[in-house]
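Commentary on secondary and tertiary structure
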Amino acid sequence: MKTKINRRTFLQASVLGASTSFGSSSLLAASPAPVMKSNLFSSPAAIPAAKGPRVVIVGGGWSGLTLAKYLKKNNPAFDVVLLDKNQQFVSCPMSNVWMADQISLEFLTHSYIDAAKNNDYLYLNTTAIELDRVGKKLVTTMGSIAYDYLVLAPGIDYDYKRIGIENPEDEYALRMHHPAGFNSASEMMAIKHKLHNFKGGTLALTVPSGNYRCMAAPYERACMAAAIFKKRNIRAKVLLIDMNPGIRIKARGFKKAFSEYYPDIIQYESSADIKGINLQDRQINTEFDSYGFDDALIYPPVRAASIIEQFGLSDEASLQQEAKTDPFKYHLLDDEHVYVTGDSRSQPFSKSGNTANSEARYVAEVISAHAAGKEIDWRSPQTMCFSGVKIDPLESMSIIAFYNYDELQKSFAFDRSHVIEKWSEKAGQAGLAWAEGMYKDMFYS
Ligand SMILES: Cc1cc2nc3c(=O)[nH]c(=O)nc-3n(C[C@H](O)[C@H](O)[C@H](O)COP(=O)(O)OP(=O)(O)OC[C@H]3O[C@@H](n4cnc5c(N)ncnc54)[C@H](O)[C@@H]3O)c2cc1C
C-alpha cells in the first residue's frame, strides 16, 4: 500500500514548493543538484509528541478546519494535527462579490494560527507528499507524521484534459493567462485585476460539465463581471459558455437577472461541449461552433485533488479520480483509518463550503465513535449557497438542500430543497451573515 515517489510525484511535489530532491537514484543521477539523503522527508517531523490517538488532517479548507475543531470537541483526548500548504485561509465563498467591491479582502482572509490556538490543535504549514498506509505514516515536506486516523480533505484540482488540453504548455498558459478562479487566492486576485482593467470587447467565461465546485458560482461570477463593466461604463460583453444543457441551479432567477439587468452585456450559450481552446487565435472550440474572445476565464471540469491519485487511492472507474470510500462513513473501503471528505469526496453531493462544514461535523462524530468501538446513524450534509446578482447594494438569491439515499437506485438525490430565486438586499445581507457565521465556526472556539 506504500506509495512510491516516482518522477511525476517528484515534479508535482517540486511545484508545490519542495526545495530539494528526494526521488529515485536515476533522477538524482540526472540532476546537477547536490545529492541529498533519499529519506530527507521520511525522518519524523519536528513537532510535539502525540498526547493521545493522533488524527492527521490534510487540507485546512472548509472541511479540514471544521473536522479539526469538532474532532477535538467530540473527543478531547484526540491529538489533532491540521496541515495545509497555504499560510493563510482565503475564502472562495463570497469571492465573487469581493471582486465587485462589495466586501474587503480582510472579510475573506483568516489565520490558521488563530484557528489552531482557539480550538486546541496543531497547525502545520506543510504539504503532504507521500502516504504509507501499512506503517500509518504520512510524509510531508516537514518530515513524516505517524497517525492513528488520517483524513484527506484536499479539495479539488482542475482537469484540463476534459476540454481537450493535452499539451502542458497550453495548460500552463491557461492557468497563467486565463485562470479559472475556483481554487486559489492568486487566481481570484488575478481575475479581480482583469475585471477592473478590461479595456472592452468580449470576456468569455466557461462553465464546466460534471460535478464541479459550487454549482451557482460561475453564473454569479457572470453577473458580477457584468455589474463591474456596467459600473465602469465600458463597451464589454460577458460571453458565458456553458458545457451543460442549461443553467444548473437557480436557473429561472439567473435567466431573469441576465435579461433584466444585463441584457446587452451577458450572452448565454448552453450545450457547448468544449473540445479545445486556440490561444493564438483566441477561440474556444466546440464540436459545432467556435467562440472568439478578447480575454477569457476558463473553468475546466474538476477532479478530486491530485494527492488522491498520487497516494494510489483513485478509483479507476471514477471520471473525477475520486477514491473508493464507504458512502455513509467516508473511510476507504479497505481502510477504516483513512477518510476522504469535502470536495474530494466520492459522494455526488454539491461541492460547497456549507456541505463540507456540515459533513465534517458528522465525520468527526463517525471517527470519534469508531475510536470508541461504536457506530452512529448517517446524517445528510446540508448545502447552502447565496448568489449575488446585483451590486450597490448587494442583492442575492439562495438555496438550501439536504440529500437522501435511494436504496433502489443506490445513489443520493436532493431532498427538501428550498430555493429562493427572487433576489433581494435582505438575502444579500443574509449571505454575508452566513459567511461570517461559518468563519466564526471554523476559526473561533
Ligand atoms: C467563487 C466561489 C464561490 C463559492 N460560493 C459558495 C457558497 O456560496 N456557498 C458554499 O457553501 N460554497 C461555496 N463555494 C464552494 C466552496 O469554496 C468549496 O466547496 C469549499 O472550499 C470546499 O472545501 P474543502 O475543504 O473540500 O476544500 P478547500 O476549501 O479547497 O480546502 C482544501 C485545502 O487543502 C489544501 N491542500 C491540498 N492539497 C494539499 C497537500 N498535498 N498538502 C497540504 N495541503 C493541501 C489546500 O491548500 C486547501 O487549503 C464557492 C467556491 C467558489 C470558488
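Owing to the predicted nature of the structure, the values given are computational and were not obtained by experimental measurement.

Procedures and definitions
Residues numbered from 1 in each chain as written. Predicted model: local features only at pLDDT ≥ 70, side-chain atom pairs only at ≥ 80, totals over all residues. Heavy atoms only, no water. Axes fitted to C-alpha atoms, helices over the stretch in contact; angles between N-to-C directions. Helix = DSSP H or I, 4+ residues; strand = E, 2+ residues; numbered from the N terminus. Parallel < 35°, antiparallel > 145°, perpendicular 65-115°, else oblique. Left-handed = near helix turned anticlockwise from the far one by under 90°. Contact = heavy atoms within 4.5 Å. Domains from an automatic or database assignment. Buried area = accessible area lost by both parts, 1.4 Å probe. Salt bridge = Lys/Arg side-chain N within 4 Å of Asp/Glu carboxyl O. Nonpolar A, V, L, I, M, F, W, Y, C, P; charged D, E, K, R; others polar. Near = heavy atom within 4 Å. Polar contact = N/O pair within 3.5 Å; in protein donor to acceptor, adjacent residues only side chain to side chain. Areas by Shrake-Rupley, 256 points an atom, 1.4 Å probe, with all protein chains shown as cover. pLDDT = per-residue confidence, 0-100. Core = buried A, V, L, I, M, F, W, Y, C linked by side-chain atoms within 4.5 Å. Buried < 20%, exposed > 50% of the residue type's maximum accessible area, 1.4 Å probe, protein only. Arc of directions from axis to C-beta. Phe/Tyr/Trp six-rings, centres within 6.5 Å; stacked < 30°, edge-to-face > 60°. Lys NZ or Arg CZ within 6 Å of the ring centre and 35° of its normal.

Comments concerning the packing of helix H9 (residues 217–232) against helix H10 (residues 251–261)
- Relative to each other, H9 and H10 sit at 10°, their axes nearing to 11 Å. Between H9 and H10, the crossing angle belongs to the class labelled roughly parallel. Our pair here, H9 against H10, has a crossing hand that is left-handed. Residue-level contacts link Tyr219, Glu220, Cys223 and Lys230 of H9 to Phe254, Ala257, Phe258 and Tyr261 of H10.

Concerning the domain arrangement of the protein
- The domain architecture assigned to the protein consists of domain 1 (7–155 + 305–371) and domain 2 (159–303).
- The distance between the C-alpha centroids of domain 1 and domain 2 comes to 29 Å.
- On the side of domain 2, 22 residues touch domain 1, which itself brings 22 residues to the contact.
- Carbon and sulfur atoms supply 54% of the area buried between domain 1 and domain 2, which totals about 2,100 Å² over both sides.
- Its largest share of buried area at the contact with domain 2, domain 1 owes to Asn96, Met99 and Gln320, together 32% of the area lost on that side.
- Across the domain 1-domain 2 interface, the total number found is three salt bridges.
- The salt bridge partner of aspartate 101 is lysine 192, with a shortest N-O separation of 2.8 Å.
- Of all the secondary-structure elements, those providing two or more residues to the side of domain 1 that touches domain 2 are helix H4 (95–99) and helix H11 (306–310).
- Here the side of domain 1 that touches domain 2 takes five residues from H4, the largest share from any one element.
- Broken down by class, the residue content of the side of domain 1 that touches domain 2 amounts to eleven nonpolar, seven polar and four charged.

Describing the site of the ligand
- If you check the shell around the ligand, you find 38 residues, and the closest are Ser63, Asp84, Asp343, Gly353 and Asn354.
- In this structure, an oxygen atom belonging to the ligand sits 3.2 Å away from a main-chain N or O atom of lysine 351.
- The backbone of glycine 353 places a nitrogen or oxygen atom 2.8 Å from a nitrogen atom of the ligand.
- In isolation the ligand has 1,000 Å² of accessible area, and contact with the protein removes 95% of it.

Side note on the confidence of the model for the protein
- Averaged over all residues, the pLDDT of the protein equals 92, while 91% of them reach at least 70.
- Confidence, expressed as mean pLDDT per element, reaches its minimum in the protein at helix H1 (residues 7–15) with 34 and its maximum at strand E1 (residues 54–58) with 99.
- Low pLDDT (under 50) marks residues 1–38, which in the prediction has 46 contacts with non-local residues, meaning those over four places away or in another chain.

Thoughts on the nonpolar core
- Formed by 111 residues in total, the largest nonpolar core has its most connected members in Met94 and Tyr439.
- Built from parts of two domains, this core gets at least three residues from each of domain 1 (7–155 + 305–371) and domain 2 (159–303).
- Filtering out sequence-adjacent residues up to four positions away, tyrosine 439 remains in contact with Trp62, Phe89, Ser91, Pro93, Met94, Phe107, Leu108, His110 and Tyr444.

Quick notes on the environment of aspartate 273
- With respect to the helices and strands, the residue aspartate 273 is situated in the loop between strand E13 (266–269) and strand E14 (274–278).
- Here the alpha-carbon distance between aspartate 273 and methionine 188, two residues 85 residues apart in the chain, equals 25 Å.
- If we ignore the near neighbours within four places in the chain, the residues touching aspartate 273 are Met243, Asn285, Thr286 and Glu287.

Quick look at H10
- When H10 is considered as a whole, its buried residues turn out to be Gly253, Phe254, Ala257, Phe258 and Tyr261. Projected down its long axis, H10 shows its buried positions confined to an angular sector of 135°, all on one face. Set apart from the buried face of H10 by more than 90 degrees, the exposed residues are Arg252 and Lys255.

Overview of the packing of aromatic side chains
- All chains considered together, the criterion is met by 29 aromatic pairs.
- Considering the side-chain rings of tyrosine 330 and tyrosine 362, the 6.2 Å spacing of their centres and the 65° angle between planes classify their relative orientation as edge-to-face. A residue pair is termed long-range when its members are at least 10 positions apart, and tyrosine 330 in the loop between H11 and strand E19 (331–332) and tyrosine 362 in helix H12 (residues 353–371) qualify at 32 residues.
- Ring geometry for phenylalanine 349 versus phenylalanine 412: centroids 4.8 Å apart, planes at 70°, classification edge-to-face. Of the two residues, phenylalanine 349 sits in the loop between strand E20 (335–340) and H12 while phenylalanine 412 sits in strand E23 (residues 411–424), which places them 63 residues apart along the sequence. Just as phenylalanine 349 is buried, phenylalanine 412 falls in that class too.
- Residue placement shows arginine 416 over the ring face of phenylalanine 402; its charged tip is 4.1 Å from the ring centre.

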